[in-house]
Amino acid sequence: MNWVVRLVGVLVCLLCGLSSAQADVILSKAEIDQTLRHGPWPPEVVLDPSNRVSGDTTAISLGEVLFSDLMLSRDRTISCASCHDPEQNFTDGLPRAEGRKTLDRNTQALWNLAVQRWYGWSGDSDSLWAQNLTPLLNPDELGHDENSLRAALVASVHRPAYEALFGEMDAEPAVETTVNVSKVLAAYIETLRSGKTSFDQFRDALASGDMKKAAQYPLSAQRGLQIFVGRGNCAFCHSGPAFTNGEFHHAAVPFFLERGGVDPGRAEGIDRLMESPFTLAGEFSDDGSKAGAWAVRNVRFQHGNFGAFRVPTLRRAARTAPYMHDGSLRDLASVIQHYNQIDMERLHSDGEAILRPLGLSDQDAEDLEDFLRTLSDD
Amino acid sequence: MIARTAFLASFALSSSALACPTPPDATQLIPEADHAPAAYAEMNTPPLSAPFAMLVTFCDPAQKIEALMFDALMPAHRHGMNFTVDVSKIADNRFEVSNIVFHMPGLWELQFGAEFAGRAYTYIAEVQVK
């Protein structure tokens, strides 16, 4: 009798021990504060003042159709969707994009791009519509020029929808048409937003003080989050609700190109920006107040820009391998090992002082990966 | 932070002209030279990686500051800002510094250069960005 009571007692205690080990918030007060800064998500929907068709339903549907229309390439063989495949999270699963030849960089996924400060791996553009001009006009991608694109559109079934948005095409200069097509594509891409993930449920529960709900977030992900905001130093660059500060850093990824030479990254991005007539400071912006133009006017060239690339968002990143600007890292585990065993030789003297080998155990690395996956399970 | 503010406030009392009381939430600028006019900056909590502005006030009406230079860096990470700022004079001895972007969390060191009669007074201050 006595031993039965004791055994039951032990069992109950084992169970209660187990359940409290499984359902607990292990974050300190400081870690909770850091976690709160990665939300709320999703952000408010904002329209792009530099794009007069931003948010327009006709533009959004036309943009969606054009995105996959072979008409957008001069020889009618590829479209945006050839690289940004909607079935593959708007990327292609390849290390580097395949256009008319293999490009130097990895195809970025197109989630959460409305009204960012910079676009592209090196921030060649300061608006989504300006970024869309690059593939349209790049001979290695869609290969149009302004006149061929205009001619293709005039002869297409899309002309009525286009004219409903922008008016009669007859007298429209080809450069206007080209920019307008980019703006229509931007109106569509702006609508590609990722949703709430299990990380966001956790964060919202912490924000409202609901520890019981928060405790449902797996312990391994919590430990990974502790590394992310703590000794991993990840949140220095992957900050805020989108897990990026939107700026440029050198993450010790080699920038030598297979075809010889180097990819200067942000250093070249600034040059391109300075040469472009299609910035928020220019006449193609529809925002009379030129609100976003301060960034291109004030951007500052620094030696550290060389080999720096835009910090990618980590939302939905678990779905968009391979990684880095050159697609050189196969999976998330490889990215974590890249940071864990970072090659200090690759960082130039004025490079980031926060990157250093992390000394993560196998368990730590798995925890960090579990955490990263909770940013993509929406 | 409170201790620091208190320290800076006592510093302000000892060195600045009382004609120019520092508002309670302002950040005192620490001059390199003893004879520099007292100065302070007023700003909201700096946002992370988004532009914000501050007002800078110099306290000695006898010395009208002609121009203000501003820069900032993260001593721990050996880098500065990715943008230059805009400075405009909004009144005698009062300047607005705008489009300041602190793109990483941590301690930023602010550097000010105030031009007066062919001389430059330099000041520093620190802010913690979250």
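Residues numbered from 1 in each chain as written. Chains lettered and ligands numbered in written order. Predicted model: local features only at pLDDT ≥ 70, side-chain atom pairs only at ≥ 80, totals over all residues. Heavy atoms only, no water.

**Notes on the interface of chain B and chain A**
Selection rule: Any pair of residues with heavy atoms lying within 4.5 Å of one another is described as a contacting pair. Summed over both partners, the accessible area lost on bringing two parts together, with a 1.4 Å probe, is the buried area. Basic side-chain nitrogens of Lys or Arg form a salt bridge, by our definition, when they fall within 4 Å of a carboxyl oxygen of Asp or Glu. Polar contacts here mean pairs of N or O atoms no more than 3.5 Å apart (in protein, one a potential hydrogen donor and the other a potential acceptor; neighbouring residues in sequence count only if both atoms are side-chain atoms). Only Asp, Glu, Lys and Arg are considered charged, only Ala, Val, Leu, Ile, Met, Phe, Trp, Tyr, Cys and Pro nonpolar, and every remaining residue, Gly among them, polar.
Contact residues are listed per partner, giving 22 residues for chain B and 23 residues for chain A. Among the residues of chain B in contact with chain A, B:R78, B:N82 and B:F83 are the three that bury the most area, contributing 31% of the side total. Among the salt bridges present, the one from A:R300 reaches B:D71, with a minimum N-O distance of 3.1 Å. Taken together, the connections running from chain B to chain A amount to 11 residue pairs in polar contact (both at pLDDT 80 or more). Along the lines of polarity and charge, the residues of the side of chain B that touches chain A split into 10 nonpolar, eight polar and four charged.

**Details of the packing of helix α11 (residues 219-229) of chain A against helix α15 (residues 362-373) of chain A**
Residue and element names in this part refer to chain A. As a reminder, the rule being used: Interaxial angle, 0 to 180 degrees, is taken between N-to-C directions of lines fitted to C-alpha atoms, where a helix line uses only the stretch in contact. Elements are defined by DSSP. Helices are runs of H or I of four residues or more, strands are runs of E of two residues or more, and each kind is numbered from the N terminus. For classification, angles of less than 35 degrees are called roughly parallel, those exceeding 145 degrees roughly antiparallel, those between 65 and 115 degrees roughly perpendicular, and all remaining angles oblique.
Interhelical geometry of α11 versus α15 gives an angle of 95 degrees and a closest axis separation of 7 Å. Comparing the axis directions of α11 and α15 gives the class roughly perpendicular. Contacts between α11 and α15 pair S220, A221, R223, G224, L225, I227 and F228 from the former with Q363, D364, D367, L368, D370, F371 and L372 from the latter. Class assignment for the residues of the contact of α11 with α15 results in seven nonpolar, three polar and four charged.

**Quick look at the pairing of strand β3 (residues 39-42) of chain B**
Residues and elements named next belong to chain B. Convention followed: In this description, strands pair whenever DSSP reports at least two bridges between them.
Bridge count for strand β1 (residues 27-28) against β3 is two bridges, and the pairing is antiparallel. From the neighbouring strand, Q28 faces β3, where its bridge partner is Y40. Examined bridge by bridge, β3 and strand β4 (residues 52-58) share four bridges and lie antiparallel to one another. When the sheet's bridge partners are listed, Y40 is paired in β4 with T57.

**Things to note about the nonpolar core**
Residues and elements named next belong to chain A. As a reminder, the rule being used: Only buried residues count toward a nonpolar core. Its members are Ala, Val, Leu, Ile, Met, Phe, Trp, Tyr and Cys residues joined through side-chain atoms within 4.5 Å. Accessibility here uses a 1.4 Å probe with only protein chains present; expressed as a share of the type maximum, an area under 20% marks a residue as buried, one over 50% as exposed, and anything in between as partly exposed.
Ranked by internal contacts, the top residues of the largest apolar core, which has 42 residues, are F67, L72, W129, V181, L185 and I189. For this core, the element with the most residues is helix α8 (residues 174-189), which contributes eight residues. Setting aside anything within four residues of it in sequence, one finds I189 in contact with F67, L110, L113, L128 and N132.

**As for the pattern of salt bridges**
In this structure the tally under the stated criterion is 26 salt bridges over all chains. Measuring nitrogen to oxygen at the nearest pair gives 4.0 Å for the salt bridge that ties B:D92 to B:K64. Of this pair, B:D92 sits in the loop between β7 (86-91) and β8 (94-100) while B:K64 sits in the loop between β4 and β5 (67-74), and the two are 28 residues apart along the sequence. Here B:D92 falls in the partly exposed class, since its relative accessible area comes to 48%. A single network of salt bridges, built from pairs that share partners, joins A:R52, A:K183 and A:D286.

**Observations regarding the domain arrangement of chain A**
All names here are of chain A. Here is the rule we go by: Bear in mind that the domain bounds are from an automatic or database domain assignment.
Its domain assignment divides chain A into domain 1 (24-42 + 195-265 + 307-378) and domain 2 (57-189). Just the C-alpha atoms count here: the centres of domain 1 and domain 2 sit 30 Å apart. Interface of domain 1 and domain 2: buried area, both sides summed, is about 1,900 Å²; carbon and sulfur atoms make up 50% of it. The tally of links between domain 1 and domain 2 comes to four salt bridges. Between D104 and R259 there is a salt bridge whose closest N-O contact spans 2.3 Å. Across the domain 1-domain 2 interface, the total number found is nine residue pairs in polar contact (both at pLDDT 80 or more). When the residues that make up the side of domain 1 that touches domain 2 are grouped by side-chain class, the tally is eight nonpolar, five polar and nine charged.

**Let's talk about the confidence of the model for chain B**
Residues and elements named next belong to chain B. Going by this rule: The pLDDT value tells you how sure the predictor is about a given residue, anywhere from 0 up to 100.
In the predicted model, chain B carries a mean pLDDT of 88, and 85% of its residues have values of at least 70. Within the model, pLDDT remains below 50 along residues 1-18, and this stretch shows 12 contacts once partners closer than five positions in the same chain are excluded. Reported confidence for the predicted complex is 0.89 by ipTM and 0.92 by pTM.

**Overview of the packing of aromatic side chains**
Working definition: an aromatic ring pair is given by the centre-to-centre distance plus the angle between the planes. We count it as follows: Any pair of Phe, Tyr and Trp rings, taking the six-membered ring for Trp, is counted once the centres come within 6.5 Å. Such a pair is stacked with planes under 30 degrees apart, edge-to-face with planes over 60 apart, and tilted for the rest. A ring has a charge above it when a Lys NZ or an Arg CZ is no more than 6 Å from the ring centre and no more than 35 degrees off the ring normal.
This model, assessed by the stated rule, comprises 23 aromatic pairs over all chains. Look at A:W294 and B:F83: their rings are 4.9 Å apart centre to centre, the planes differ by 50 degrees, and that puts the pair in the tilted class. In this pair, A:W294 sits in helix α13 (residues 294-298) while B:F83 sits in the loop between β6 (79-80) and β7, so the two residues belong to two different chains. Clustering of aromatic rings is evident, with ring pairs tying together A:F199, A:F202, A:Y217, A:F228, A:F243 and A:F371. One cation-aromatic arrangement involves A:R266 over A:W118; the distance from NZ or CZ to the ring centre is 4.5 Å. Note that A:R315 overlies the ring of A:W41, its terminal NZ or CZ placed 3.9 Å from the centroid.

**Section: the environment of A:D75**
Residues and elements named next belong to chain A. Relative to the assigned elements, D75 resides in the loop between α3 (57-67) and α4 (80-83). Classification of D75 as partly exposed rests on a relative accessible area of 40%. Considered as a pair, D75 and G143 are 68 residues apart in the sequence and their alpha carbons are 8.0 Å apart. Of note is the side chain of D75, whose polar atom sits 2.5 Å from the side chain of R100.

**Overview of the sheet that holds β8(B)**
The sheet built from five strands is open, its strands ordered β1-β3-β4-β8-β7 (chain B) with antiparallel pairing. Edge positions in the open sheet fall to β1 and β7 of chain B, since each of these has one partner strand only.

**Remarks on the sheet that holds β6(B)**
All names here are of chain B. Strand order in this open sheet of five strands is β2-β10-β9-β5-β6, and the pairing throughout is antiparallel. Each end of this open sheet is capped by a strand with a single partner; those strands are β2 (30-31) and β6. Note that β2 and strand β10 (residues 119-129) share two bridges and pair antiparallel. Directly across from P31, in β10, lies its bridge partner Y123.

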